[in-house]
Amino acid sequence: MLKLKKPFIEIKDLSFSYLNSKKEQTNALDNVNFNITKGEFLAIVGPSGCGKTTLLNCLDGLLQPSSGKILINGEKVVEPGFDRAYIFQDPLLLPWRTVLGNIKFGGQMQRLKKETLDKKSRELVRAMHLRGFEYHYPHQLSGGMKQRVNIARALCVSPQILLLDEPFSNLDAQIREIMQQELLNIYDENKKTFIFITHSIDEAIFLADKIIVLTRHPGTVKKIINVKFKRPRDISIKDSKEFIFIRREIAKIIKDEIHV
Amino acid sequence: MKSMFKFIKQKENMLLGLSGIIVVIILWQTVAAYKLIDPILLSSPIDVFNESISLFKTGEIYPDLIASISEFLIGFLLALFLGFIFGFILGWFKKTRAVFNPLLFGLYATPIIAILPLIILWFGFGLFAKVSIVFLSSFFPILISIMESAKNTDQNLLKLARSFKASEFNIITAIIIPNSIPGIVSGIKIAMPRGIIGMIIAEFFTGNAGLGYLISYYGSTFQTAKLLAIVILIAGASVVFTAVIDLLEKKVKYNN
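The structure presented is a predicted model; accordingly, all values stated were derived computationally and were not measured. (Residues numbered from 1 in each chain as written. Chains lettered and ligands numbered in written order. Predicted model: local features only at pLDDT ≥ 70, side-chain atom pairs only at ≥ 80, totals over all residues. Heavy atoms only, no water.)

Caption draft 1: Geometry of the overall build of chain B. Along its length, chain B carries eleven helices and zero strands. In sequence order, the secondary structure elements of chain B are arranged as α-α-α-α-α-α-α-α-α-α-α. Expected size for 256 residues packed as a compact globule is a radius of gyration near 18 Å; at 23 Å, chain B overshoots this value by more than 25%. Structurally, chain B occupies a C-alpha span of about 75 × 65 × 30 Å along its principal axes. Of the roughly 14,800 Å² that chain B leaves accessible, carbon and sulfur atoms contribute 74%. For chain B, the centre of its 20 positive side-chain charges and the centre of its 13 negative side-chain charges are spaced 14 Å apart. (Helix = DSSP H or I, 4+ residues; strand = E, 2+ residues; numbered from the N terminus. Rg over C-alpha atoms; globule rule 2.2 N^0.38 Å. Areas by Shrake-Rupley, 256 points an atom, 1.4 Å probe, with all protein chains shown as cover. Lys, Arg positive; Asp, Glu negative; His and termini not counted. Charge placed at Lys NZ, Arg CZ, Asp CG, Glu CD.)

This is the structure we're talking about:
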């Protein structure tokens, strides 16, 4: 008999509800189902308030779903783990630590050996173009730099899965493009599974292999779109017919959602 | 010449401040030298300076200086230690804080010196009474600043720590304590002058040792120059302490 390969990450009938400020039961996510293959770059887009961040929090184990479950390698997610690293929208650097100290934070929580951690953090400083800033404090860094430290801190725990919550949304357009390209380089070098939340349709198409479009509140999966640009990708694909076609398709879905 | 000009420009405010002090001292010396005011009421700055030197040379000041320093150190360090522990407990546990909050703010607002007669009644005139006053005067501001900053720890930083699987112990040592350091320093800044005032007044009333006792003794025996020498010594010490804490405060302010 043919044995079916289990998907790497399974999201099964996931719902999440909470009590809002008026103490009413509110659904943020309703019956979300999809799978993620190992090494895939997945983007999640949708109108604001569709529960994207909630979904990512559930994937990390920071929030527990009200019903349904998330399986990683067949195991249910119940709490955060070092197989996953969460990259927050705000860089959330510890202001009393230097760049190097911030990069090491997760590794220290993971109880990595000091020498291993030293070596690893130095490598990440190099890889994330932070050389010369090792002993700077967060307030001395630009927005792009802070986000680089944020990403380096996540990579430092050697996660299998990176959960990125709109990491570039507070950066200006030029820096944003540079960071997107750098993120693609990291993805190409590491072949980890990336789950990337964004408001920007262009960003999702440029980065991802697969895009999940969520409906408006409460979030459900509206459509799954495969993006088949070859890797490594560069900025020129943004002008291709296919790119524009996908963009139009997603924009229409989201527009329909907002006007429902 | 040019570099001197630059120096003046850079240190302008400091030089202006210094000139204010110098003008007052010159005026004071003039008033005293021409005996415009009776020297029993106001000694000349030169006399005060000479008396300051001789207080140390003859060793007259040492027993009381040591008494004051030990009262202050014991009381203040105890306040810092207990304020630190209870500040974190109250900052961290909501329900406990709800119980103690009104009580604490009430005690913080009470001029501790008002209960000095009671303290003397309980503990007598010795070291312990004075240590208690220093402790009570400085404990509440320290406790409250630490409590406030532990309470106001950025929720997102806690979330970050949890996403990296930080243990409770790690959350406290790696997030909450470093996050409260500016609060601790500003608590010390408020508590220290209160502690010093408490100490001096307690010594006035217990009347057996310490700088406060010396001031009241010199006052009642009309040794004005010595009295002023002690006052200036205490003021100078306070200025130095405050400057050190200001420096510390700048170091631990994160400007984020």
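The rest of the description comes next.
Caption draft 2: Structural context of helix α2 (residues 99-109) of chain A. With ten of its eleven residues buried, α2(A) lies for the most part within the structure. Elements in contact with the buried residues of α2(A): α3 (114-127) and α4 (143-155) of chain A together with α8 (155-163) and α9 (168-206) of chain B. Looking one or two residues beyond α2(A), the residue adopting positive phi is A:R111, at roughly 60 degrees. (Buried < 20%, exposed > 50% of the residue type's maximum accessible area, 1.4 Å probe, protein only. Contact = heavy atoms within 4.5 Å.)

Caption draft 3: Highlighting the side chain of B:S149. With respect to the helices and strands, B:S149 occurs in helix α7 (residues 127-151). We classify B:S149 as buried; its relative accessible area is 15%.

Caption draft 4: Focus on the pattern of salt bridges. Residues and elements named next belong to chain A. Applying the stated criterion across every chain, the model contains 20 salt bridges over all chains. Residues R84 and D83 are paired through a salt bridge, measuring 3.1 Å at the closest nitrogen-oxygen approach. Judged by relative accessible area, R84 falls into the buried class, the value being 6%. In this structure D83 comes out as partly exposed when scored by relative accessible area, which is 27%. Put simply, K114 and D118 hold a salt bridge, and the shortest N to O gap is 3.2 Å. Pair noted here: K114 and D118 are both in helix α3, with a separation of four residues, about one helical turn. You can call D118 partly exposed: its relative accessible area is 25%. Within the structure, one salt-bridge network assembled from shared partners comprises K104, K114 and D118. (Salt bridge = Lys/Arg side-chain N within 4 Å of Asp/Glu carboxyl O.)

Caption draft 5: A look at the nonpolar core. If you look at the biggest cluster of nonpolar residues, it comprises 141 residues, and the most contacted ones within it are A:I9, A:L183, A:I195, A:I211 and A:I250. If you tally residues by element for this core, the top one is α9(B), at 13 residues. Contact partners of A:I195, with chain neighbours within four places excluded, come to A:I9, A:I36, A:L42, A:I44, A:L56, A:L59, A:I161, A:L162, A:L163 and A:L164. (Core = buried A, V, L, I, M, F, W, Y, C linked by side-chain atoms within 4.5 Å.)

Caption draft 6: Inspection of the interface of chain A and chain B at higher detail. Contacts between the two partners involve 23 residues from chain A and, on the opposite side, 18 residues from chain B. The junction of chain A with chain B conceals about 2,000 Å² of combined surface from both sides, 71% of it contributed by carbon and sulfur atoms. At the surface where chain A touches chain B, the tally comes to one salt bridge. Across the salt bridge formed by A:E79 and B:K165, the nearest N and O atoms sit 3.1 Å from each other. Going through the elements one at a time, α1 (52-60), α2 and α4 of chain A are the ones with two or more residues in the side of chain A that touches chain B. At three residues, the largest contribution of residues to the side of chain A that touches chain B is made by α2(A). Each residue belonging to the side of chain A that touches chain B can be placed in one class, and the counts come to 14 nonpolar, four polar and five charged. (Buried area = accessible area lost by both parts, 1.4 Å probe. Nonpolar A, V, L, I, M, F, W, Y, C, P; charged D, E, K, R; others polar.)

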